[in-house]
Amino acid sequence: MKIAVLPGDGIGPEIVAQAVKVIKAMNIGAQMQEAPIGGAGYEAAGDPLPEATLKLAKESDAVLLGAVGDWKYDTLPRDKRPERGLLRIRKELNLFANLRPAVLYPELASASTLKPEVVSGLDIMIVRELTGDIYFGQPRGISTLENGEREGINTMRYNESEIRRIGRVAFDIAMKRNKKVCSVDKANVLETTELWRQVMIELSKDYPEVELTHMYVDNAAMQLVRAPKQFDVMVTGNIFGDILSDEASMLTGSIGMLPSASLDENNKGMYEPSHGSAPDIAGKNIANPLATILSVSMMLRYTFNMAAEADRIEKAVGKVLANGVRTADIYTEGTAKVSCSEMGDAVVAAL
Ligand code: IPM
Ligand code: MG
């Protein structure tokens, strides 16, 4: 088991250190090697995805990533910015399927900004397409028109096979869950997503047991806060998935709880928390490492087929929360506030 460890920027190194502790405590013979990405990659090699980092990631069975980005890089040319390193590694490794589960740990029902009865028992799997859409579509850029005015262009595009392969991932996952897929689009306005809807309908014929519904993205955003428990699996394109998964994370109490897996056709994967690098709290040892630790659990489940070990990590996290241990973002009165590294230690102790 060869794991490339890419801490990245901001709180990345702090939270990844806790996940590494957990991997070591599991004693599963994992080999880990670290490399810079994002702003750290730029500092080390003038490139947000240094060649050596990409090589390591390609040679590894799985990648554990922290987060990338810091305001101090916002003035760099676009291809040198940290985010571009993340987008490139997703594309280079062909990680088209991004799984973002939003699960509410019962102990955190009161940490959510929504009423406990609205979110208790919540268990949604967001399946986001990750290597297409307006994130990668050509043409793109900022140019100057003949009249001297500047214009920005991005292109939303999907071909059938891209839609079909992410659809399959969603339907296959639904078969192992409650057999419901909600496909999110904007088919009333955007042709790209009209095609998306057609392909999902065609694909659903291969999955007669799964109930397929469709929802426009604006309505989906509203339904997620109105009645989130109506959803089982949601499948959507890159940009809608980016937005809806941030929204869904807050149902679980904090974005600091949401792990993710990005998989290729063969279940090789990159695992990262869904949240960002939070430069405002970097280096303070107060970030929540649980999303990263839960990403390790997803790694064991999806890439290494170690379901029992994955369950063990999730149970340990559940136990820590049941014991009232909380980082600042999920702290409520009557619980014990701990630092990032103390949370890591608590999970290791629970293991
Ligand atoms: C995410 C992030 C990234 C994205 C950024 C950092 C490029 O928001 O993983 O959701 O937009 O995909
Ligand atoms: Mg995002």
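Right above here is the structure, for reference.
Attention in this report is confined to the structure presented alongside it.

Parameters at a glance
Residues numbered from 1 in each chain as written. Chains lettered and ligands numbered in written order. Predicted model: local features only at pLDDT ≥ 70, side-chain atom pairs only at ≥ 80, totals over all residues. Heavy atoms only, no water. Phe/Tyr/Trp six-rings, centres within 6.5 Å; stacked < 30°, edge-to-face > 60°. Helix = DSSP H or I, 4+ residues; strand = E, 2+ residues; numbered from the N terminus. Buried < 20%, exposed > 50% of the residue type's maximum accessible area, 1.4 Å probe, protein only. Near = heavy atom within 4 Å. Polar contact = N/O pair within 3.5 Å; in protein donor to acceptor, adjacent residues only side chain to side chain. Areas by Shrake-Rupley, 256 points an atom, 1.4 Å probe, with all protein chains shown as cover. Axes fitted to C-alpha atoms, helices over the stretch in contact; angles between N-to-C directions. Parallel < 35°, antiparallel > 145°, perpendicular 65-115°, else oblique. Left-handed = near helix turned anticlockwise from the far one by under 90°. Contact = heavy atoms within 4.5 Å. Nonpolar A, V, L, I, M, F, W, Y, C, P; charged D, E, K, R; others polar. Pairing = 2+ DSSP bridges.

## Here we look at the packing of aromatic side chains
Turning to step 1, where the next piece is worked out: With the rule as written, the count across this model stands at three aromatic pairs.
Turning to step 2, where the next piece is worked out: Considering the side-chain rings of Tyr42 and Tyr73, the 6.2 Å spacing of their centres and the 70 degrees angle between planes classify their relative orientation as edge-to-face. Linking Tyr42 in helix H2 (residues 39–45) with Tyr73 in the loop between strand S3 (62–67) and helix H4 (82–92), this pair joins segments that are 31 residues apart in sequence.
Turning to step 3, where the next piece is worked out: Relative accessible area serves as the criterion here: at 27%, Tyr42 is assigned to the partly exposed category.
Turning to step 4, where the next piece is worked out: Ring geometry for Phe171 versus Tyr207: centroids 4.8 Å apart, planes at 15 degrees, classification stacked. Here Phe171, found in helix H6 (residues 160–175), pairs with Tyr207, found in the loop between helix H7 (191–204) and strand S9 (211–216); they are 36 residues apart in sequence, far enough to count as distant.
Turning to step 5, where the next piece is worked out: Taking the relative accessible area as the measure of exposure, Phe171 reaches 0% and is therefore buried.

## Observations regarding the site of ligand 1
Turning to step 1, where the next piece is worked out: Contacts to ligand 1 come from Glu83, Leu86, Arg90, Arg100, Arg128, Tyr135 and Asp242.
Turning to step 2, where the next piece is worked out: A distance of 2.8 Å is found between an oxygen atom of ligand 1 and a side-chain nitrogen or oxygen belonging to Arg128.
Turning to step 3, where the next piece is worked out: Separating an oxygen atom of ligand 1 from a side-chain N or O atom of Tyr135 is a distance of 2.5 Å.
Turning to step 4, where the next piece is worked out: Coverage of ligand 1 by the protein amounts to 77% of the 320 Å² it exposes when considered alone.

## Considering the packing of helix H1 (residues 12–26) against helix H12 (residues 340–350)
Turning to step 1, where the next piece is worked out: Two elements in contact, H1 and H12, have axes whose closest approach is 9 Å; the angle formed by their N-to-C orientations is 15 degrees. Judged by the inter-axis angle, H1 sits roughly parallel to H12. In this structure, H1 crosses over H12, and the sense of that crossing is right-handed. On H12, the residues touching Glu14, Ile15, Gln18, Lys21, Val22 and Ala25 of H1 are Cys340, Ser341, Gly344, Asp345, Val347 and Val348.
Turning to step 2, where the next piece is worked out: Residues that form the contact of H1 with H12 fall into these classes: six nonpolar, three polar and three charged.

## With respect to the packing of helix H8 (residues 217–226) against helix H9 (residues 238–251)
Turning to step 1, where the next piece is worked out: Where H8 contacts H9, the two axes come as close as 10 Å, and the packing angle between them is 10 degrees. The angle between the axes of H8 and H9 places the two elements in the roughly parallel class. From H8, Val217, Ala220, Ala221, Leu224 and Val225 reach across to H9, where they touch Phe240, Leu244, Glu247, Ala248 and Leu251.
Turning to step 2, where the next piece is worked out: Split into classes, the residues belonging to the contact of H8 with H9 amount to nine nonpolar, no polar and one charged.

## What to know about the sheet that holds S9
Turning to step 1, where the next piece is worked out: The 10 strands are arranged S2-S1-S3-S12-S11-S4-S5-S10-S8-S9 in an open sheet whose pairing can be described as mixed. Single-partner strands in this sheet number two, and they are strand S2 (31–34) and S9. Direction aside, the axes of adjacent strands within the sheet are offset by 20 degrees on average.
Turning to step 2, where the next piece is worked out: The pairing of strand S1 (residues 2–8) with S3 spans five bridges and is classified as parallel. The residue bridging Gly8 from the neighbouring strand is Ala67, located in S3.
Turning to step 3, where the next piece is worked out: The strands touched by H4 are S1, S3, strand S4 (97–103), strand S5 (123–129) and strand S12 (269–273); relative to S12, the strand with the most contacts, the crossing angle is about 150 degrees.
Turning to step 4, where the next piece is worked out: Where H9 meets the sheet, its contacts fall on S4, S5, strand S8 (180–185) and strand S10 (233–236), and the angle it forms with S5 comes to roughly 160 degrees.

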